[in-house]
Amino acid sequence: MDFNDSPTEAKFRAEVVEWLDANATKRDPDDTSALSMFSERESPEMIEECKGWQRTKADAGWACITWPKTFGGRGGTLMENIIFSQEEAKYLTPPNIFMIGLGMAGPTIATHGTEEQKQQWLPSMLRGDVVWCQLFSEPAAGSDLAGLRTKAVKDGDDWIINGQKVWTSGAHYSRWGILVTRSDFDVPKHKGLTYFVIDMESEGVEVRPIKQITGGANFNEVFLTDVRIPDANRLDREGNGWAVSLTTLMNERMSIGGGMGMGADMLIGELNRLAETCYIDGVLGKDSAAVRQKISEYYSRMKSMELTVNRTLSALSKGGMPGSESSIIKVAMGILLQEIAAFAMELQGGAGFEFGEDSTYGGGMWQELYLGIPAIRIAGGADEIQRNIIGERVLGLPTEARVDKGIPFKDIPNG
Amino acid sequence: MNFQFDEDQDLLRDAAQKLLGDKATLEAAHKHMDKASDYDKELWSTMAENGWQGIAIPEEFGGAGMSYLDLSVLAEELGYHYAHTPFSASIFGAAEAIIVAGSSEQKSTLLPKIANGETIGTLAVFEQSGRHDYAGITTKAVGGKLSGIKLPVSDGLCADIAIVAAQADKGLSLYVVDLTQAGVERAELRTMELTRKQATLTLNNAQGELLGEEGQGEALLDNILNRTAILTAFEQLGGAQRCLDMAKDYSLERYCFGRQIGSYQAIKHRIADMYVKVEMARSNCYFGAWALTSSEADIPEAAAVSRIAVCDAYSFAAQENIQIHGGIGFTWDANPHLFLKRMKMQEFSLGSANLWKEKLYKALANKAA
Ligand SMILES: Cc1cc2nc3c(=O)[nH]c(=O)nc-3n(C[C@H](O)[C@H](O)[C@H](O)COP(=O)(O)OP(=O)(O)OC[C@H]3O[C@@H](n4cnc5c(N)ncnc54)[C@H](O)[C@@H]3O)c2cc1C
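Procedures and definitions
- Residues numbered from 1 in each chain as written.
- Chains lettered and ligands numbered in written order.
- Predicted model: local features only at pLDDT ≥ 70, side-chain atom pairs only at ≥ 80, totals over all residues.
- Heavy atoms only, no water.
- Helix = DSSP H or I, 4+ residues; strand = E, 2+ residues; numbered from the N terminus.
- Buried < 20%, exposed > 50% of the residue type's maximum accessible area, 1.4 Å probe, protein only.
- Polar contact = N/O pair within 3.5 Å; in protein donor to acceptor, adjacent residues only side chain to side chain.
- Contact = heavy atoms within 4.5 Å.
- Axes fitted to C-alpha atoms, helices over the stretch in contact; angles between N-to-C directions.
- Parallel < 35°, antiparallel > 145°, perpendicular 65-115°, else oblique.
- Left-handed = near helix turned anticlockwise from the far one by under 90°.
- Salt bridge = Lys/Arg side-chain N within 4 Å of Asp/Glu carboxyl O.
- Expected span 1.5 Å × (residues − 1).
- Arc of directions from axis to C-beta.

Side note on the side chain of Ser245 of chain A
All names here are of chain A.
Reasoning step 1: Position of Ser245 relative to the elements: it lies in helix α6 (residues 241-258).
Reasoning step 2: Of the residues examined, Ser245 reaches a relative accessible area of 0% and is grouped as buried.
Reasoning step 3: In terms of polar contacts, Ser245 uses its side chain to reach the backbone carbonyl oxygen of Gly241, at 2.7 Å.
Reasoning step 4: Setting aside residues up to four positions removed in sequence, Ser245 forms contacts with Phe136, Val180 and Tyr195.

A look at the packing of helix α1 (residues 7-23) of chain B against helix α4 (residues 68-81) of chain B
Residue and element names in this part refer to chain B.
Reasoning step 1: Orientation of α1 relative to α4, taken along the N-to-C sense of each, is 30 degrees, at an axis distance of 9 Å. Between α1 and α4, the interaxial angle falls into the category roughly parallel. Between α1 and α4 lies a crossing whose hand is right-handed. Counted together, Gln9, Leu12, Arg13, Ala16, Gln17, Leu20 and Gly21 of α1 and Leu69, Asp70, Val73, Leu74, Glu76, Glu77, Leu78 and His81 of α4 form the full contact between these two elements.

Some details on the pattern of salt bridges
Reasoning step 1: According to the stated counting rule, one finds 48 salt bridges over all chains in the structure shown.
Reasoning step 2: For the salt bridge of Asp129 of chain A with Arg127 of chain A, the shortest nitrogen-to-oxygen distance reads 3.9 Å.
Reasoning step 3: Using a relative accessible area of 29% as the deciding quantity, one classes Arg127 of chain A as partly exposed.
Reasoning step 4: One salt bridge in this structure joins Arg131 of chain B and Asp133 of chain B, with 2.6 Å as the shortest N-O distance.
Reasoning step 5: Overall, Asp133 of chain B belongs to the partly exposed group, its relative accessible area being 33%.
Reasoning step 6: Each of Arg311 of chain A together with Arg13, Glu76, Glu77, Glu279 and Arg282 of chain B takes part in salt bridges that share partners, so that together they form one network.

Re helix α1 (residues 7-23) of chain A
Residue and element names in this part refer to chain A.
Reasoning step 1: For α1, spanning 17 residues, the distance from its first C-alpha to its last is 24 Å, which sits close to the expected 24 Å at 1.5 Å a residue.
Reasoning step 2: Listed in full, the buried residues belonging to α1 are Glu9, Phe12, Arg13, Val16, Trp19 and Leu20. Viewed end-on, α1 has its buried residues packed into an arc of 130 degrees, placing them on one side of the element. Exposed side of α1, more than 90 degrees from the buried face: Pro7, Lys11, Glu18 and Ala22 are the residues found there.
Reasoning step 3: Those residues of α1 that are buried lie in contact with α2 (44-59), α3 (78-88) and β2 (91-92).

Right under this line is the structure:
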């Protein structure tokens, strides 16, 4: 056990810092904009800025540190990747719009794709030339993803796709999407799925924004009407889409969970600042034991998060597979942030529900965080689903009693 | 960077699991509850033969000179297996106090015997008020003679020496006190935890030998209790893990309405929550072990976050373990209550989570300054 850098890691870190200093501006430690989760609907200029930063990193060999060199990666280690992310977080960089591509689609294509498919999609994904989105959820299929009904029918060398996807983050600026469809309605639900890569500029793809509780619209509904996808864009076998989807979902939990270890000092620093300005019944926050103890508790839990992410990555870097353990980070983090944001708002008393940059305290950041958190608890597998995963796959408890087992998909009750 | 134990420590864990799995059984714990006997002497000697007591004590003072990481591994397994020995009092408490505050002469005379299990030590810091702040300490030291009442003193009935905190001319100070002398009276203090006997020590002009400088008691105790807290946190972690395992096993065994109870989400999700809390606490404890081993400056923060997280995890796991066992969980002859009671003992003997939250608040303010 050694929480410090080894000499090689320290050298690597110094190299990273040197490059970042030369190519980016250091963030003011008090600047909390990094905590912002949902911006206004992304403008084309913002997307260009994100792509620009990704390209700069790719040119210097810092994009996708763990990916093989053949696809433009660095062929580096997980630890090097962590070091880079830790340092990059200290600089002002545009938001990461590449997570679905690099964190989910990329690893899925790397696992299930042919050599040709990898060469076709991975290098441009890595360079940030194009953005990717995930067309999984549907109006009747979220937690129960395998209940999806978007239909794929083979037609010569093409497939014809009809259906509706929903909650598709970033569909409005994505060129490629990963798409799960049902190619067979007569077999049990997990058996009839087929997985594709879809060109979002294909004819018949229509993207409509959906407004969120934050007021912005970062996700969409996507209508697919007679969309043609070449068979060459199929990942893995026809009917094997569920296995491919599981690879994506596993990586999704990893990237959501793994990206959450950051920000403890910043968040708790902000909370302390509130405690130095806000009064409860005439007592300054920091003079109240109840307030101090809450802040300490939150610090301790944030620290657990950061250290658990590190511990999981340590295990992975020794050759483990991304396991269901990352569910623990996801399940613990959502509720923790929700509690922290609610507590911070409570400290603000009557100003607690002001919302906007001119809010009395913190420029509205706590309210923005508070309104954004429900997404963490729902997206990428809701808390309840994560608890099932922990219970069943990590601890070996019995699976749910199921009424849809072994029944042809078309006969399963729904509503 | 590496946030896990290494292979040698994994091997040590295997060996500890094997030994304690054979000797520190819950059946044995039940037998000890009914007896006045103070500890499992056979297990204590076996531990000594394996060099456990001295594992982190430097070689020059008779120990094995291995690291606190190794000691942490043992601590976790001791908590998991419910060992009925004065290991915590003697090693996490007294030995740490001597390592932190002792002169080299004191270390040379006291540590080798603690390391080989011949001497049992304990801490006698707090008093009847139950206060964990030092202002609650009223025991007096006049010319090296100590008078006052100390409780609870863990394993105080069987210990040979105690590290006693007392108010001297120059302020709070620490003393090594031989508990076999005439000026010391000991009586059993009744607590809910019957396998780790607590004592009340009444000191009546008892002879004490100054440990560390006179008047430096507060700073020394801060450091000692931080170290004791980290090692104890591993013991608590082991206990919490055991509760989780027991709950899981029972939920697979027990059927209701034609299904294993573990297939109901109300149970499954609660066990998942136990697991999450235990893993979170585990991460903080590892931070503690690493700080003890390699980063002195991080000890105050690491001790507090270990303690806060593990108290939370253990109380949740111990309480819900009983709930998941249903009626049988409320019976004396079943095992869950052993852990509920030990959990409370470990929580209160070093100060509850709220106290450590205050400590953390101060530690973070110091770090920021
Ligand atoms: C901000 C945001 C971004 C998203 N981005 C994308 C995206 O880019 N691409 C994409 O494909 N999807 C995306 N999603 C969709 C997301 O994956 C789903 O919302 C999520 O899986 C939940 O599905 P659902 O909304 O259908 O809720 P439901 O599945 O209907 O769940 C409703 C409630 O029932 C509970 N529940 C369901 N099944 C069980 C069970 N077996 N046991 C116990 N409780 C259960 C759930 O936990 C939840 O509390 C996004 C969602 C959000 C909020």
